[in-house]
Amino acid sequence: MGKFRGWHIVAGIAAMVLTGILGTAMGLNNTAAFMSSCVAFVAVALWTDSRITLRRRQRARALARETAEAAGRDDVRPEQDRQFGAEPPNREGRGT
């Protein structure tokens, strides 16, 4: 997945397109097909976002557990101290 943070939007759009096609094939008028597509977008986007968040939390907890165990052994490298996804800023802080 990398750094891309919009997977829930992509999944919602895919659900919206699929629901629109199915609604039109079932004979719904344009308004009904659009409304059902919007409902599908929101439902799938929220569900996908919750699943992604759950996995990130589990990874962060596992990393914290490993870091705590490594700290007990006194062989912690500085890269292991950073939490998952945390990076130093790319700017110098001069207000530009």
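Conventions used here
Residues numbered from 1 in each chain as written. Predicted model: local features only at pLDDT ≥ 70, side-chain atom pairs only at ≥ 80, totals over all residues. Heavy atoms only, no water. Phe/Tyr/Trp six-rings, centres within 6.5 Å; stacked < 30°, edge-to-face > 60°. Helix = DSSP H or I, 4+ residues; strand = E, 2+ residues; numbered from the N terminus. Buried < 20%, exposed > 50% of the residue type's maximum accessible area, 1.4 Å probe, protein only. Contact = heavy atoms within 4.5 Å. Expected span 1.5 Å × (residues − 1). Arc of directions from axis to C-beta.

(A) Region of interest: the packing of aromatic side chains. One pass over the full model with this rule turns up 1 aromatic pair. Judged by centre distance (5.0 Å) and plane angle (85°), the rings of Phe-4 and Trp-7 are edge-to-face.

(B) Looking closely at the environment of His-8. Within the secondary structure layout, His-8 lies in helix α1 (residues 7-25). By relative accessible area, His-8 is classed as partly exposed at 22%. Remark: the alpha-carbon pair of His-8 and Ser-50, spanning 42 residues in sequence, is separated by 8.9 Å. Look past the residues within four positions of His-8 in its chain and what remains in contact with it is Ala-45, Thr-48, Asp-49 and Ile-52.

(C) Region of the structure containing α1. Its 19 residues give α1 an end-to-end C-alpha distance of 27 Å, which sits within 8% of 27 Å, the value for a rise of 1.5 Å per residue. Where α1 is concerned, the buried positions are Gly-12, Ala-15, Gly-20 and Gly-23. Burial along α1 is one-sided: seen end-on, the buried residues are contained in an arc of 135°. Across from the buried face of α1, at angles greater than 90 degrees, the exposed residues are Leu-18, Ile-21, Thr-24 and Ala-25. In the segment just after α1, Gly-27 is the residue with positive phi, at about 95°.

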